[in-house]
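This is what each chain is made of:
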Amino acid sequence: MFSSDRLRALDAVAVHGSLARAAVALHITPSGVSQQLAKLEREAGHQLLEPDGRGVRLTHAGRVLAEHAARVVAQLSAAESDLADLGDEIIGPLRLGGVGSSLRALLPDVLAALTEAHPRLWPTVVDGEAVDMVPRLLTGELDLLLIESWHSRPMPLPEGVRVKPLAVEEVQVALPARHPLADRDTLDLAELAGAVWSSCPVGTEPYEALVQALRARGVEPRVRYTVTEYATQLAFVARGLTAALVPEMAQTPCPPGVRFVPVRPPLHREVRAAWRAGGDSPSVRACLAALTAEEWEGRAALD
């Protein structure tokens, strides 16, 4: 492994043509440059300099290594510049994750505005369930999440996670249009005793909230369809196979043949931004500010 300081010394000699001028550029003494290059020769296992009159010149091995040194020095300079810009500019990677419905409803406009305002920001996005992504947040694999917490079953979060509410939305029952209760203004979940349900996979917030909501009304759930995407659940509903609990953000797109009926007592889902304590980088703060400013009709429930 070559020391970056020694590679800088070799690059300076290659650029400036002598030990003395390299020393001036590096703000060290000529003997200091010589010592760095002597150590680099031992590391490389090749002679890098040879006498040239009263000065020195690069050997063939020296020229080969100097080409690599130039690239390393340039990359290090770029890294130093980027780090110096962190206090003033939103740059670098921003790794986002979230449940699909909230990503679709809240994130596209936010990321379009952020990347236009900060061209050196590099967002990446993955979707999934909060139960799977929170551990990735804690390990630093992800920077910011959009997670859900159902009011009937608040999501437990581990130590070290900070949250900010973004929107509250109503959760309604999706029924086949020909279901005898589909034209009701509201319905009690107890009226759906015996119904077959679809939901997100076991262990996710939507699944556990559905089970809890039904049991609270004296109904033992019959969940036969467990799929991650609400769009797939709605396709099953449209064909008369199941009922489903669906938040407002997930109600579009929706196939023909589905009716959404509010439940009594009401159910709500809160969408939150979550980040790691101490992980609020300038990029994360900028995204949080943009998400907070993003307009969505469900946000009124936060007021």
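A brief look at the structure comes next. Just so we're clear, the structure is a prediction, and the values are computed from it rather than from any experiment.

Here we look at the state of the cysteines
- A full pass over the atoms with the stated rule returns zero disulfides.
- Lacking any disulfide linkage, Cys254 is separated from the closest cysteine sulfur, that of Cys200, by 15 Å.
- A relative accessible area of 31% means that Cys254 is categorised as partly exposed.

Some thoughts on the nonpolar core
- Val173, Leu175, Leu189, Leu192, Trp197 and Leu245 are the most contacted members of the largest nonpolar core, which has 31 residues in total.
- Those elements that provide at least two residues to this core are β6 (161-176), α7 (205-216), α8 (230-238), β9 (244-247) and β10 (258-276).
- Sequence-distant contacts of Val173, that is, excluding residues within four places in its chain, are made with Leu187, Leu189, Leu192, Trp197, Ala244, Leu245, Arg259, Phe260, Val261 and Val263.
- Of all hydrophobic cores here, the second largest spans 23 residues; its members include Leu96, Leu103, Leu106 and Ala167.

So, the pattern of salt bridges
- All chains considered together, the criterion is met by 12 salt bridges.
- Two residues, Arg57 and Glu50, come together in a salt bridge whose shortest N-O distance is 2.9 Å.
- Since its relative accessible area comes to 45%, Arg57 is described here as partly exposed.
- You can call Glu50 partly exposed: its relative accessible area is 26%.
- Among the ionic pairs, Arg269 bridges to Glu148, the shortest N-O distance being 2.6 Å. Residue Arg269 is found in strand β10, and its partner Glu148 is found in strand β5 (residues 144-150); the two are separated by 121 residues along the sequence. Neither Arg269 nor Glu148 differs from the other in exposure class; each is buried.

Notes on the environment of Val284
- Among the structural elements, Val284 can be located in helix α9 (residues 282-293).
- Given the relative accessible area of 0%, Val284 is considered buried.
- For the pair Val284 and Ser102, spaced 182 residues apart in the sequence, the C-alpha separation amounts to 17 Å.
- Residues in contact with Val284, not counting those within four places in the same chain, are Leu94, Asp143, Leu144, Trp275 and Gly279.

Regarding the pairing of strand β2 (residues 55-58)
- Pairing between strand β1 (residues 49-52) and β2: four bridges, direction antiparallel. Paired with Asp52 across the two strands is Gly55, which belongs to β2.
- Connecting the antiparallel pair β1 and β2 is a turn made up of two residues, with Gly53 showing a positive phi of about 65°.

Procedures and definitions
- Residues numbered from 1 in each chain as written.
- Predicted model: local features only at pLDDT ≥ 70, side-chain atom pairs only at ≥ 80, totals over all residues.
- Heavy atoms only, no water.
- Disulfide = S-S within 2.5 Å.
- Buried < 20%, exposed > 50% of the residue type's maximum accessible area, 1.4 Å probe, protein only.
- Core = buried A, V, L, I, M, F, W, Y, C linked by side-chain atoms within 4.5 Å.
- Helix = DSSP H or I, 4+ residues; strand = E, 2+ residues; numbered from the N terminus.
- Contact = heavy atoms within 4.5 Å.
- Salt bridge = Lys/Arg side-chain N within 4 Å of Asp/Glu carboxyl O.
- Pairing = 2+ DSSP bridges.

As far as function goes, none of this settles anything; it's purely spatial.
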